[in-house]
Amino acid sequence: MAERVVLAYSGGLDTSVGIGWLKDATGKDVVALAVDVGQEGEDMEVIRQRALDCGAVEAVVIDARDEFANDYLMPALKANALYQKRYPLVSALSRPLIAKHLASTAIALGADSVAHGCTGKGNDQVRFEAAVAALAPDLISLAPVRDFALTRDKAIIYAAEHNLPIVQSKKSPYSIDQNVWGRAVETGFLEDPWNAPIEDLYTYSEDPAIARPATEVTITFTEGIPTAIDGKPVTPLEAVVQLNRLAGAQGVGRIDIVEDRLVGIKSREVYESPAGLTLIAAHEELENLTIERDLARYKRGVESKWSELVYDGLWFSGLKRSLDVFIDDTQRYVSGEVRLELHAGKATVTGRRSEQSLYDFDLATYDTGDTFDQSQAKGFIEIWSLPSKISARRDHAAGGSIEA
């Protein structure tokens, strides 16, 4: 039997042509692997058949939507994961899952290599190959577009010459990637960061400028995970799907950012993540209610590092695994309800409650019945300020001043 390579297959032009291109370049039979992470679009059975029609010796389709939501999106939610404080890691979260199935499929089929359709300019090549290296270090990673100079023009000519079943429509000016957590759009006129986004870019969210009544929604969390919407039980996937619909209808989740890519360049990106931004806003506010001050402060730094590791393709790294243990431990009391108003492109928290709340009304109130002993504040401030007072005296004695 000929050697095999397992290709991460999307059904588009590049990966469809990549089947024959890989066969010609390596002499190996190509197995196409399509992983459903909620990207919608074409029927996965249609994609499977297209792979076979394009020359794959076998086509494997995996419905990984629940796995994606449970094992990748929920850890990101617990970490309030936002790269550069804004990007909810839409594509970065799906890549390690796809890579995991690439590696396991290759091992199961006795293949010695895997392949993907990424260019040499983006982050995803790193994410796929770093993940495969961490899971199956003996597998070889190939990238036809990068390694064999498979340009789009060459791909179109190849498809025509080999009568591949690729229906070519007018070329979109944008590069688009999407899954159930969100949608990423780049290139075209967006490459000039001065150009404002236009409404045609968006499909997950409606125009937030259109006047419409606000939507109120209450999300129930159990140890950091959404378990009900408006009192009705949901799975993580159902929570994301429902909030994409509810928040997207109000224009929530649009992001326009100049992003620092792992490969060293800056890139202008436009994202949509209605459910992602809504859930993170709600989850952060519930943490404010239930996590003690020092732990919450420390966790914010961990969240930033966690997001950078995932963005940089290090999902399966030792540091990320250790941070997961810390983050999971912080979620033991993050249970309760958060009410939000979805309106005009914003998800605004309007209420929060929890049986695990650290908010003590009697301590917080300024009205009669206040149990906070204000007489102790003066002594506390004296002790708290003592190191600063002592060092200031030394500075003054040395001729220093407050300006210095």
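The shown structure was predicted, so the numbers you read here are calculated from the model rather than taken from an experiment.

**Student:** Break down the UniProt feature "domain: Arginosuccinate synthase C-terminal" (unreviewed entry) in the protein for me, citing the residues and quoting the values.
**Tutor:** If you check UniProt for "domain: Arginosuccinate synthase C-terminal" (unreviewed entry), the listed places come out as residues 174–390 in our numbering. Annotated as residues 174–390, this span is 37% helix and 25% strand, and its ends, taken at the C-alpha atoms, are 61 Å apart.

**Student:** Quick rundown of the nonpolar core? Include the residues and the values.
**Tutor:** The biggest cluster of nonpolar side chains holds 78 residues, and the ones touching the most others in it are Phe68, Leu73, Leu89, Leu93 and Trp306. When residues in this core are grouped by element, the largest group, nine residues, is from helix 4 (residues 90–109). Looking at which domains feed residues into this core, each of domain 1 (4–171) and domain 2 (175–291 + 333–353) supplies at least three. Look past the residues within four positions of Phe68 in its chain and what remains in contact with it is Val37, Leu73, Leu93, Ser94, Leu97, Asn179, Val180 and Trp181. Of all hydrophobic cores here, the second largest spans 26 residues; its members include Leu7, Val17, Ala32 and Ala59.

**Student:** Lay out a nonpolar patch on the surface with the relevant residues and their values.
**Tutor:** Together, Phe380, Ile381 and Trp384 make up an exposed nonpolar region whose accessible area comes to about 400 Å². Here Trp384 lies in helix 13 (residues 377–397).

**Student:** An account of unusual backbone geometry is requested, with residue identities and associated values reported.
**Tutor:** Its identity is not glycine, yet Asn80 carries a phi of approximately 45°, on the positive side. Residue position: Asn80 is located in the loop between helix 3 (65–78) and helix 4. Take Asn80: its relative accessible area is 4%, and that puts it in the buried class. Although it is not a glycine, Glu223 adopts a positive phi angle of roughly 50°. Mapped onto the fold, Glu223 is located in the loop between strand 8 (215–222) and strand 9 (225–229).

**Student:** Hey, could you go over helix 8 (residues 236–248) for me, with residue numbers and the actual values?
**Tutor:** Here helix 8 spans 17 Å end to end across 13 residues, near enough to the 18 Å set by a 1.5 Å rise per residue. Along helix 8, the residues that are buried comprise Pro236, Leu237, Ala239, Val240, Leu243, Asn244, Leu246, Ala247 and Gly248. Where helix 8 is buried, its residues meet helix 3, strand 8, strand 9, helix 9 (274–290) and strand 13 (336–343).

**Student:** Explain the sheet that holds strand 2 (residues 29–36) to me, and be specific about the residues and the numbers.
**Tutor:** Ordered in space as 3-2-1-4-5, the five strands form an open sheet in which the pairing is parallel. Strand pairing shows two members of the sheet lacking a second neighbour, strand 3 (58–63) and strand 5 (140–142), which therefore form its edges. For this sheet, the mean inter-axis angle between neighbouring strands, taken without regard to orientation, is 25°. Pairing of strand 2 with strand 3, which is carried by six bridges, proceeds in the parallel orientation. Within strand 3, the position partnered with Leu33 by the bridge is Val60.

**Student:** I'd like a description of the environment of Val217, backed by residues and values.
**Tutor:** Topologically, Val217 is positioned in strand 8. For the pair formed by Val217 and Asn123, sequence separation is 94 residues and the distance between their alpha carbons is 35 Å. The residues contacting Val217, other than those within four sequence positions of it, are Ile229, Asp230, Leu243, Leu246, Val338, Arg339, Leu340 and Leu342.

**Student:** Which residues make up the domain arrangement of the protein, and what values go with them?
**Tutor:** Looking at the protein, the domain boundaries give domain 1 (4–171), domain 2 (175–291 + 333–353) and domain 3 (365–396). Between the C-alpha centres of domain 1 and domain 2 there is a distance of 26 Å. Between domain 1 and domain 2, the contact holds 30 residues from the first and 36 residues from the second. Counting each side, the surface lost to burial between domain 1 and domain 2 is near 2800 Å², with a carbon and sulfur contribution of 63%. Counting every contact that joins domain 1 to domain 2 gives one salt bridge. Between Asp177 and Arg95 there is a salt bridge; the shortest N-O distance is 3.2 Å.

**Student:** Summarise the side chain of Asp29; cite the residues concerned and give the values.
**Tutor:** With respect to the helices and strands, Asp29 occurs in strand 2. Looking at Asp29, its side chain comes within polar contact range of the side chain of Lys23, at 2.9 Å. When sequence neighbours within four positions are dropped, the list of residues in contact with Asp29 reads Ala2, Glu3, Arg4, Val5, Lys23 and Val57.

**Student:** Tell me about the UniProt feature "domain: Arginosuccinate synthase-like N-terminal" (unreviewed entry) in the protein, and name the residues and values.
**Tutor:** Residues annotated in UniProt with the feature "domain: Arginosuccinate synthase-like N-terminal" (unreviewed entry) correspond here to residues 4–165. Within residues 4–165, the helical portion is 52% and the strand portion 15%, while the C-alpha atoms at the span's ends are 23 Å from each other.

**Student:** Give me the lowdown on the sheet that holds strand 8, citing residues and values where you can.
**Tutor:** Pairing in this open sheet of five strands is antiparallel, and the strands run 10-9-8-13-14 from one edge to the other. Across the chains shown, the open sheet's two edge strands, defined by having one partner strand only, are strand 10 (232–233) and strand 14 (346–353).

**Student:** So what's going on with the pattern of salt bridges? Which residues, and what values?
**Tutor:** Pairing of side chains with opposite charge becomes possible as their charged atoms draw close. Following the criterion strictly, the structure yields 29 salt bridges and no others. Across the pair Lys23 and Asp29 runs a salt bridge whose closest N-O atoms are separated by 2.9 Å. Assessed through its relative accessible area of 35%, Lys23 is described here as partly exposed. The partner of Glu67 in a salt bridge is Lys100, and the shortest N-O contact between them spans 2.7 Å. Of the two residues, Glu67 sits in helix 3 while Lys100 sits in helix 4, which places them 33 residues apart along the sequence. Among the residues examined, Glu67 registers a relative accessible area of 19% and is labelled buried. A residue is classified by how much of its surface remains accessible, and Lys100, at 33% relative accessible area, is partly exposed. What you see here is one network of salt bridges that share partners, running through Arg95, Asp124, Arg127 and Asp177.

What counts and how
Residues numbered from 1 in each chain as written. Predicted model: local features only at pLDDT ≥ 70, side-chain atom pairs only at ≥ 80, totals over all residues. Heavy atoms only, no water. UniProt positions renumbered as here; feature names shortened; annotations may be inferred. Helix = DSSP H or I, 4+ residues; strand = E, 2+ residues; numbered from the N terminus. Core = buried A, V, L, I, M, F, W, Y, C linked by side-chain atoms within 4.5 Å. Buried < 20%, exposed > 50% of the residue type's maximum accessible area, 1.4 Å probe, protein only. Domains from an automatic or database assignment. Contact = heavy atoms within 4.5 Å. Patch = residues over 30% accessible without salt bridge, like charges linked within 9 Å, V, L, I, M, F, W, Y side chains within 5 Å. Areas by Shrake-Rupley, 256 points an atom, 1.4 Å probe, with all protein chains shown as cover. Salt bridge = Lys/Arg side-chain N within 4 Å of Asp/Glu carboxyl O. Expected span 1.5 Å × (residues − 1). Pairing = 2+ DSSP bridges. Axes fitted to C-alpha atoms, helices over the stretch in contact; angles between N-to-C directions. Buried area = accessible area lost by both parts, 1.4 Å probe. Polar contact = N/O pair within 3.5 Å; in protein donor to acceptor, adjacent residues only side chain to side chain.

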